[in-house]
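Close look at the chain arrangement
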Amino acid sequence: MAGENIHLFSYGTLQLENVQLASFGRRLVGRPDTMTGFRKEMVEITDPDVLATSGERYHPVVVASSDPADAITGTVFLITEKELSAADAYEVADYKRIEPVLASGTRAWVYVKA
């Protein structure tokens, strides 16, 4: 549905104001949340546009964990369908988008290791 608010959970560079301004044209408003059953790794970014936007060569990526005590903290943002497409364009092929339920009970899109 057009104009519908979508939840996006970020544990990495999408939390950075410069990345939000470059990707969405605005600073996003969010709240803290946690995604359980995942652990964080780092991935080297080689896409020149993403490197220029984030200013960071290594970005965090999360992978499913066999330890239910593992958890990733981050921020849940309310975005539009158009902004979700912009987030898809920002993320490199090392990531895929899934929609888990966070610790708060919110269902949110999140990028995990592909």
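The sections below set out a description of the structure shown in this document. (Residues numbered from 1 in each chain as written. Predicted model: local features only at pLDDT ≥ 70, side-chain atom pairs only at ≥ 80, totals over all residues. Heavy atoms only, no water.)

On a plain count of helices and strands, the protein chain comes out with three helices and seven strands. Beginning at the N terminus, the succession of helices and strands in the protein chain can be written as β-α-β-β-α-β-β-α-β-β. Its C-alpha radius of gyration of 13 Å places the protein chain within 12% of the 13 Å reference for a compact globule of 114 residues. Its C-alpha atoms put the protein chain at 35 × 35 × 20 Å along the principal axes. Restricting the contact set of the protein chain to residue pairs at least 6 apart, pairs at least 24 apart contribute 72%. Taking the average place of the 11 positive charges on the side chains of the protein chain and the average place of its 16 negative ones, the gap between the two points comes to 2 Å. (Helix = DSSP H or I, 4+ residues; strand = E, 2+ residues; numbered from the N terminus. Rg over C-alpha atoms; globule rule 2.2 N^0.38 Å. Contact = heavy atoms within 4.5 Å. Lys, Arg positive; Asp, Glu negative; His and termini not counted. Charge placed at Lys NZ, Arg CZ, Asp CG, Glu CD.)

Along the chain, Thr-106 turns up in the loop between strand E6 (95-98) and strand E7 (110-113). In the structure, Thr-106 is positioned 37 residues away from Ala-69 in sequence and 19 Å away in space, judged by C-alpha atoms. Not counting residues within four places of it along the chain, the set of residues in contact with Thr-106 comprises His-7, Arg-31, Asp-33, Val-76, Pro-100 and Val-101. In this structure the side chain of Thr-106 is engaged in a polar contact, spanning 2.7 Å, whose partner is the side chain of Arg-31. (Polar contact = N/O pair within 3.5 Å; in protein donor to acceptor, adjacent residues only side chain to side chain.)

It is worth spelling out the pairing of strand E4 (residues 58-64) at this point. Buried residues dominate E4, accounting for five of its seven residues. Bridging between strand E3 (residues 38-44) and E4 involves seven bridges; their strand directions are antiparallel. The partner of Phe-38 across the bridge, within E4, is Ala-64. (Buried < 20%, exposed > 50% of the residue type's maximum accessible area, 1.4 Å probe, protein only. Pairing = 2+ DSSP bridges.)

Turning our eyes to something else, we now look at the nonpolar core. In this structure, Phe-9, Tyr-11, Leu-14 and Tyr-95 are the most contacted members of the largest nonpolar core, which totals 29 residues. Take this core: its biggest share by element is four residues, from strand E5 (residues 71-79). For Leu-14, the contacting residues outside a window of four places in its chain are Leu-8, Val-19, Gln-20, Phe-24, Phe-77, Ala-87, Tyr-90, Glu-91 and Tyr-111. (Core = buried A, V, L, I, M, F, W, Y, C linked by side-chain atoms within 4.5 Å.)

Let's shift gears to helix H1 (residues 17-24). Taken together, the buried positions of H1 are occupied by Val-19, Gln-20, Ser-23 and Phe-24. Across the axial projection of H1, the buried residues extend over an arc of 100°, all falling on one side. Contacts made by the buried residues of H1 are with helix H2 (48-54), E5 and helix H3 (81-90). The first or second residue beyond H1 is Gly-25, which carries a positive phi of 75°. (Arc of directions from axis to C-beta.)

Relative to each other, H1 and H3 sit at 115°, their axes nearing to 9 Å. Comparing their axes, H3 and H1 come out roughly perpendicular. As for how H1 packs across H3, the hand of that crossing is right-handed. Of the residues in H3, those in contact with Val-19, Ser-23 and Phe-24 of H1 are Glu-83, Ala-86, Ala-87 and Tyr-90. Of the residues contributing to the contact of H1 with H3, the split by class is five nonpolar, one polar and one charged. (Axes fitted to C-alpha atoms, helices over the stretch in contact; angles between N-to-C directions. Parallel < 35°, antiparallel > 145°, perpendicular 65-115°, else oblique. Left-handed = near helix turned anticlockwise from the far one by under 90°. Nonpolar A, V, L, I, M, F, W, Y, C, P; charged D, E, K, R; others polar.)

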